[in-house]
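# Observations on chain architecture
Take a look at the letters that make up each chain.
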Amino acid sequence: PSSDCVVAEQLCLSDSTCNATYRTLENCALAKTRLPSLDHNSRVRCLNAELDLGNSSLLHCKCHRRMKRQEHCLRIFWTIHSSMTGAENNHESPLPSAVEHWKTDYNKLAALVSGKNCSQLAGDATNPCLRATHICNLSKKCFRLRTDYASICTKGAGSEDVCDRRKCHRGLRNFFEKVPEDFTKRILFCPCQDEFCGERRRKTIVPDCSFQYNTKPNCLWLLDSCLEDHICKSRLADFQQNCQPVDTSPDGCSLHNHAACLQAYMGMIGTPMTPNYVSNSSVEVSLWCTCENSGNQKEKCDEILSMFESNKCL
């Protein structure tokens, strides 16, 4: 089984040979962030260091969801997989896949949380998103973290002040990482029959701050912003791996694990590549970006956008 990268790093640093190889890879990862390209000798040295880790537990380590020191763990993973030879969109995911488990008994969940019956929720039957919010409010943790990010993400709304998108994203990540998925997935994926419900679903992530800019940036700019961030880069690799569409597959999905795909989609929220519903009346999702003026990178830009807009697996 794959080990925790933080534990694997400690084991490596206690061995002089592994330690030296790992320090070389740290320098390679640092150089890659500072230089547009490495010279031939540097690339060979970095590739040899990657190959030298073949017998190390570092090579197959993972960073588990909701773990402590997650950012440190992801930094270790990308140090090992600094990818001097591969394209940035061919990475394996640093996160293990989810188990296919997605059904929740709502009444039982609410009863457990509140210690009371759920008769007060009966009026929410026509608006599943409102019902999901009310059930979240019965959990102290869900209510607190949802209130926290809503407060951060709405500061400056309706005035000349601009919201603090970085803090808003951090608050969203806290909510989706720390609140049990039985709550978060129902708030984000609640099934709607009317636009009032759809509007509530679309505004779950406070799109004015977390999703939209005054003008749509180019999707390649979003990608560059994502690849500069260990968390976003990791979530994107996870999304690409678990939501890989395949036309020849009956369900349109290469891994046939829709729970893993939806979990990976949730992981993108609170990153520079935060997705959202495009309207109140459909379940279509997209990034807030455009591929206009992409020059000779138009095809690459379209691929990024289509990962969300026309992904059969998702």
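For the structure itself, look to the data block above.
Thresholds, definitions, all that
Residues numbered from 1 in each chain as written. Predicted model: local features only at pLDDT ≥ 70, side-chain atom pairs only at ≥ 80, totals over all residues. Heavy atoms only, no water. Helix = DSSP H or I, 4+ residues; strand = E, 2+ residues; numbered from the N terminus. Buried < 20%, exposed > 50% of the residue type's maximum accessible area, 1.4 Å probe, protein only. Contact = heavy atoms within 4.5 Å. Areas by Shrake-Rupley, 256 points an atom, 1.4 Å probe, with all protein chains shown as cover. Core = buried A, V, L, I, M, F, W, Y, C linked by side-chain atoms within 4.5 Å. Phe/Tyr/Trp six-rings, centres within 6.5 Å; stacked < 30°, edge-to-face > 60°. Lys NZ or Arg CZ within 6 Å of the ring centre and 35° of its normal. Disulfide = S-S within 2.5 Å. Patch = residues over 30% accessible without salt bridge, like charges linked within 9 Å, V, L, I, M, F, W, Y side chains within 5 Å. Salt bridge = Lys/Arg side-chain N within 4 Å of Asp/Glu carboxyl O. Lys, Arg positive; Asp, Glu negative; His and termini not counted. Charge placed at Lys NZ, Arg CZ, Asp CG, Glu CD. Expected span 1.5 Å × (residues − 1). Polar contact = N/O pair within 3.5 Å; in protein donor to acceptor, adjacent residues only side chain to side chain.

## Looking at the overall build of the protein chain
Per the secondary structure count, the protein chain includes 15 helices and two strands. For the protein chain, the residues scored as buried account for 46% of the 314 residues in total. Counted over contacts in the protein chain with a minimum sequence separation of 6, partners at least 24 positions apart contribute 71%. When the accessible surface of the protein chain is summed, it comes to about 16,700 Å², and 50% of that surface belongs to carbon and sulfur atoms.

## A few points about the environment of L59
By the secondary structure assignment, L59 is in the loop between α3 (40-52) and α4 (70-80). Separated by 51 residues in sequence, L59 and A8 place their C-alpha atoms 8.8 Å apart. Not counting residues up to four positions away in its chain, the partners in contact with L59 are L53, G54, I80 and H81.

## Some words on unusual backbone geometry
Phi at V206 is positive, roughly 50 degrees, even though this residue is not glycine. Relative to the assigned elements, V206 resides in the loop between α10 (195-202) and α11 (207-210). The phi angle at N293 is positive, at roughly 60 degrees, despite the residue not being glycine. With respect to the helices, strands and loops of the structure, N293 is situated in the loop between β2 (285-287) and α15 (298-309). Exposure remark for N293: the relative accessible area of 79% places this residue in the exposed category.

## Section: the nonpolar core
With 48 residues, the main nonpolar core has F175, F239, M273, L287, I304 and F308 as its most contacted residues. In this view, M273 contacts L222, L223, C226, C232, L236, M268, L287, I304, M307 and F308; residues no more than four positions away in its chain are not counted.

## Here's the deal with the packing of aromatic side chains
Summed over the entire model, instances satisfying the criterion amount to seven aromatic pairs. Each ring, one from F239 and one from F308, has its centre 4.5 Å from the other, and the planes form 5 degrees; the classification is stacked. Here F239, found in helix α13 (residues 230-242), pairs with F308, found in helix α15; they are 69 residues apart in sequence, far enough to count as distant. We note R165 situated over the ring of Y213; from NZ or CZ to the ring centre the distance is 3.9 Å. For the cation-ring pair, K216 lies above W288, with the distance from its terminal atom to the ring centre recorded as 4.9 Å.

## Let's talk about the state of the cysteines
Linking two cysteines covalently through their sulfur atoms gives a disulfide. By the definition in use, this model includes 14 disulfides. Between C129 and C190 runs a disulfide, and the two sulfur atoms are separated by 1.9 Å. Negative torsions about the S-S bond denote left-handed disulfides, and the value of about 90 degrees found for C129 with C190 makes this one right-handed. Taken as a pair, C129 in helix α6 (residues 128-137) and C190 in the loop between α9 (181-188) and α10 lie far apart in primary sequence, 61 residues in all. In this pair, the class of C129 matches that of C190, namely buried. Disulfide partner of C291: C301, at an S-S distance of 2.2 Å. Taking the sign of the S-S torsion, about -95 degrees here, the bridge from C291 to C301 comes out left-handed. Taken together, the residues span a long stretch of sequence, with C291 in the loop between β2 and α15 and C301 in helix α15 at a distance of 10 residues. The pair C291 / C301 is uniform in exposure class, with both members buried.

## A short note on a positive patch on the surface
Positive charge collects at one region of the surface, where R66, K141, R144 and K178 lie side by side. Of the residues examined, K141 reaches a relative accessible area of 38% and is grouped as partly exposed.

## Re α13
Over its 13 residues, α13 runs 18 Å from end to end, which matches the ideal 18 Å to within 8%, given 1.5 Å per residue. Along α13, 11 of the 13 residues are buried, which leaves the element largely enclosed by surrounding structure. Every buried residue of α13 is accounted for by I231, C232, K233, S234, R235, L236, A237, D238, F239, Q240 and N242. Buried positions along α13 lie against α4, α8 (165-178), α12 (219-227), α14 (258-268) and α15. The residue sitting at the N-terminus of α13 and contributing the capping side-chain oxygen is D229; that oxygen lies 3.0 Å from the backbone nitrogen of I231.

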